[in-house]
Each structure stands twice: as C-alpha cells, then as structure tokens.
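This is what each chain is made of:
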Amino acid sequence: MGDPQQHKILLDEDEMPTRWYNVLADLPSPAPPVLHPGTGQPVGPEDLAPLFPMDLILQEVSTEQYVEIPPEVLDVYRLWRPSPLYRAHRLERALGTPARIYYKYEGVSPAGSHKPNTSVPQAFYNAKAGVRRLTTETGAGQWGTALAFACAQFDMECEIWQVRASYDQKPYRKIMMEVFGGTVHPSPSDLTEAGRTILARDPDSTGSLGIAISEAVEMAAQDPATNYALGSVLNHVLLHQTIIGEEALLQLAKIGETPDLLVGCTGGGSNFGGLAFPFLREKWAGRMSPTVRAVEPAACPSLTQGTYAYDFGDTLGMTPLMKMHTLGHDFVPDPIHAGGLRYHGMSPLISHLYETGEIEAVAKPQTECFAGGVLFARTEGIVPAPEPTHAIAAAVEEAQRCVETGEEKVILTALCGHGHLDLAAYDAYLAGDVTDHAFEDDDIQASVAEALSKLPTVV
Ligand SMILES: *Cc1c(COP(=O)(O)O)cnc(C)c1O
C-alpha cells in the first residue's frame, strides 16, 4: 500500500488491465443512433464495412460491459504501459494549494501521446481481417504518428493526410511518421476529389481535420484492400482509451485516494472519455462522486457554444450523420497551436453525456493554457503538448479556488502527451505572439445553422 505523499504511483506489468470498459453498457439513457445520410435510417454493419473491419464495427455498437484486449495488443501495450500516475507535488507547492493534483502521463508512449492506445488495436483488427493498408488524417500529427507506428507493428502500409497548416509548421512530425514507415500528404491535396474540390474553392486553404478526413475516407472507400482509421470521436476509439482510466483507478486505489474532480482536454473526446468513463461507472455504482469536466479551446468551442444536432464527421459530407455537438462540418477553426483540438464536432458519446448532465464543459483561451503549460514544465519537469495545457489550466484554476476555500480537493487529469515536437508553439508564446480568439454566441450559432441547413433532409 502506497500513500498520497508518493510522487510516482506505478503498476507492475502483470497488474495492467486486460479489458476495455464499454460505457454504452451503463449509459443512464441511450445515445441517439448514427444515421445513413441517404435514408435517415440507423447505419448497419454493412454500411460501415467498406471502411472498417467487422471486429471494430461490432465494438462500435456493442453493449457488452467489457471487451477483452487481444493478447497481441497487450503485448504491444507493454512497450510503454502501464503508464505512470504522478502526484504534482511541485505544481501544488508553486500554487500554495491544499488541493492534491494527480496526472496520468500518456507521453511515455511511442508517439508521445495517448493515441497508440487505439492505433494499435485498430491496426491489429484490420491486419487480422486481411487489410493491407490504412488511410487516415492527422491534425497536430499525433494520430498519424501513432497509426504509422501501429501499422509498422503489424506489417501494414499507412497513408496519412496531414492538415496543411500543421504540415508546414511541424516538419518533425512528418519525419517521425516517415521513420515509422508512413506516407504523408499535405491536405487538401490534389490526390482526391475532395481535396481538388477544396483547392478549387481556395487554392491557399490551410486545411482542417474535416477536409483531411474526407480525403482519407475517399481513398479507403475506393480500394477493398484499404481501410480507414479514425483517431478520435467514434465509440470504439473511446473504448480503447479506457485503459487510461482503468489503470488510474487501480493506481489511486493503491494510495487510498478518490478523485473529487476529473478534468481533461477535448478535441474529439477520446483521451477525456478514456480517463473519465471508468470513473463514471464507479460514480453510477455509487462508489465515488467526482465532478467530470471537459476543457476545450475558446477558439473551437464545440461543447460550450456548438449546437447539439446531426452533422457530418467530415467537411465534404462522406461520413454517416452523427448526433453531436458541432460547429458545422464546414467550420475551419483558427490555426491555434493546439492542433489536436481543432475539430468541428465532438464524440457523440461525450456530447450525449454533456446533454444529459453527466459531465460539465468549459472553454479556455490559449494564453491561459500556455501559462499553465509553462508553469507545469517549470515545476513538474514535463513540457506538455499544447492540447493538455487546456486541462492543466482548468486544474490550476480549481487548485487556486481551493487556496481560497481551503478545500483539499483531489484533482485528476490526463497529461495526454508531451510537447517535444510542439516547441515552436512555446517559442511563439514566450515571444508574446500567441493571441486569444473567442466567438460571439450569435455569430457561431448563425454559422452552424447555415452549415446544418445544407444537410440532407432526412434528419
Ligand atoms: C489528438 C490529441 C488530442 C485530442 O484528441 P482527443 O480525442 O480529444 O483526445 C489531445 N491531446 C493530444 C496530445 C493529442 O494527440
């Protein structure tokens, strides 16, 4: 038995959880189905079969409470898992807070983020189904790196469309994907109909995740030996990420702690869901009662300012329709530094839990996030990726509140990636070149309504 004064709370390899937790089994109310844009009917497995292997399609709709992690996947996970849980003693001291702050560090993975938790099983199930090549999109470059690594593990090819803004800003990400064996194209590209359509409208387009998804989906749909892999948003992705929360539960139990507050950054919702879902299960079972808070960028506020409606997952309208918090499928966010949080939509599961009041959400401007990130680096010694600085900023805010109230709150967050390949963003921040952007509610709602008015009339 450890104690809460410990700095690092570790699990042995043989203590690593061997099942993922499927929150669909325990939802207090059912989530709305994914719809076929042509018929308005719920999509069936056959609709998704051109893009995904059957094992993943079944996981997408499964209501089994647990899914066994295949031995081949556990074997790759053991390269970096179980990941450490840290108590942020030095950050707490700097803040002078009575709160106890814990962070689950996912930056120890081969990609430097939580993304390999799902890229590895996705590559595995595709390889098992005889698929030879995966296509995907990447924003900040984290997902492309994670998928290229996973494809290398299972002897598959990997082709990646990287959002133009990040392709230009982050050459090291591209090189890392190529070292892992991936092929990288800037998006929009002239290799796809989708890319050519966007370039015809705007030859200087800096791209968006929605556009890159359209390109990768188009390529996969054309070739039976090629499938598509998505790094966030979908149920099976969040399922795979629950290894984070399951480990954190075991680690906190070792030192006799229960969290009062979970905070996590949300782009598509996967690291946040992965951390939070096992804790929500415990909460619904009456064993703890943490507040669960999503943190998103003020410049891409899908939960706090978006509309809860059926929308496409991509810009060109090639995916099924998902009921989610959305800024409209043609929304192109400002090129803020947290590239992984620049997505117009939000996981349908996270959106549903937000609508039903199971989780909260706040939006943070990027200067406050970078200030949190720099404080974290100077105290804890890890330079966080720009995305989790959103969660850090929210944790710092709560810890400062505890200074006033004297509450000894236990705060848990996922430090979902390191920022070693994002140093240019810190350089800009330190030079005073990072600015904040926020939206007027009226403006954003008008632009979402405009985008949604172009949807097929089935919804
Ligand atoms: C991809 C990414 C995100 C955003 O994706 P989620 O699905 O919301 O987790 C956040 N942080 C890092 C480090 C990422 O790589």
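The structure displayed is predicted, hence computed values, not measured ones. (Residues numbered from 1 in each chain as written. Predicted model: local features only at pLDDT ≥ 70, side-chain atom pairs only at ≥ 80, totals over all residues. Heavy atoms only, no water.)

Engineer: It is not clear to me how the pairing of strand E7 (residues 157-163) should be interpreted in this structure. Could you clarify?
Structural biologist: Each regular strand carries side chains that alternate between the two faces of the sheet. Within E7, six of the seven residues are buried, which leaves the element mostly enclosed by the surrounding structure. Direction of pairing for strand E6 (residues 133-138) relative to E7: parallel, over a ladder of six bridges. Its bridge partner lying in E7, Arg133 is registered against Glu157. Considered for its hand, the β-α-β crossover made up of E6, helix H6 (residues 142-153) and E7 is right-handed. Note: E7 against strand E8 (residues 183-187), five bridges, orientation parallel. When the sheet's bridge partners are listed, Val163 is paired in E8 with Ser187. (Buried < 20%, exposed > 50% of the residue type's maximum accessible area, 1.4 Å probe, protein only. Helix = DSSP H or I, 4+ residues; strand = E, 2+ residues; numbered from the N terminus. Pairing = 2+ DSSP bridges. Right-handed = clockwise from strand over helix to strand, strands pointing away.)

Engineer: Help me understand the packing of aromatic side chains in this model?
Structural biologist: What describes a pair of aromatic rings is the distance from one ring centre to the other and the angle between the planes of the rings. Within this structure, the stated rule accounts for 13 aromatic pairs. With 5.9 Å between their ring centres and 65° between their planes, Tyr77 and Trp80 make a pair best called edge-to-face. Of the two residues examined, Tyr77 and Trp80, each falls in the buried class. Over the face of the ring belonging to Tyr66 we find Arg19, whose NZ or CZ atom lies 3.7 Å from the ring centre. Note that Arg281 overlies the ring of Tyr21, its terminal NZ or CZ placed 4.7 Å from the centroid. (Phe/Tyr/Trp six-rings, centres within 6.5 Å; stacked < 30°, edge-to-face > 60°. Lys NZ or Arg CZ within 6 Å of the ring centre and 35° of its normal.)

Engineer: So what exactly am I meant to see when it comes to the packing of helix H5 (residues 116-128) against H6 here?
Structural biologist: Relative placement of two packed helices is described by the angle separating their axes and the distance separating the axes. Where H5 meets H6, the closest approach of the two axes is 8 Å, and the angle between their N-to-C directions is 40°. Classified by the interaxial angle, the pair formed by H5 and H6 is oblique. Crossing of H5 against H6: the hand is right-handed. Taking contact as the criterion, the partners of Pro116, Thr118, Ser119, Val120, Gln122 and Ala123 in H5 are, on H6, Trp143, Ala146, Leu147, Phe149, Ala150 and Cys151. For the contact of H5 with H6, the residue count by class is nine nonpolar, three polar and no charged. (Axes fitted to C-alpha atoms, helices over the stretch in contact; angles between N-to-C directions. Parallel < 35°, antiparallel > 145°, perpendicular 65-115°, else oblique. Left-handed = near helix turned anticlockwise from the far one by under 90°. Contact = heavy atoms within 4.5 Å. Nonpolar A, V, L, I, M, F, W, Y, C, P; charged D, E, K, R; others polar.)

Engineer: Would you take a moment to explain the site of the ligand for this structure?
Structural biologist: If you check the shell around the ligand, you find 17 residues, and the closest are Lys115, Ser232, Gly267, Ser270 and Asn271. At a separation of 3.1 Å, an oxygen atom of the ligand approaches a polar side-chain atom of His114. The contact in question runs from an oxygen atom of the ligand to an N or O atom on the backbone of Gly267, over 2.7 Å. For the ligand, whose free accessible area comes to 380 Å², the fraction covered by protein is 97%. Of the residues in the shell around the ligand, the class split is three nonpolar, twelve polar and two charged. (Near = heavy atom within 4 Å. Polar contact = N/O pair within 3.5 Å; in protein donor to acceptor, adjacent residues only side chain to side chain. Areas by Shrake-Rupley, 256 points an atom, 1.4 Å probe, with all protein chains shown as cover.)

Engineer: In this structure, what is going on with the sheet that holds strand E1 (residues 8-9)? I would like to understand it.
Structural biologist: Through backbone hydrogen bonds, the strands of a sheet pair up, either in parallel or in antiparallel fashion. The strand order across the open sheet built from seven strands is E1-E4-E5-E15-E10-E11-E14, with neighbouring strands paired in mixed fashion. Single-partner strands in this sheet number two, and they are E1 and strand E14 (360-364). With five bridges joining them, strand E11 (residues 291-297) and E14 adopt parallel strand pairing. Bridging across to E14, Val295 finds its partner in Val362. Set on the sheet, helix H15 (residues 366-380) makes contact with strand E4 (85-87), strand E5 (100-105), E14 and strand E15 (410-415); between it and E14 the angle comes to about 95°.

Take it as geometry only, folks, not as evidence of what the structure does.
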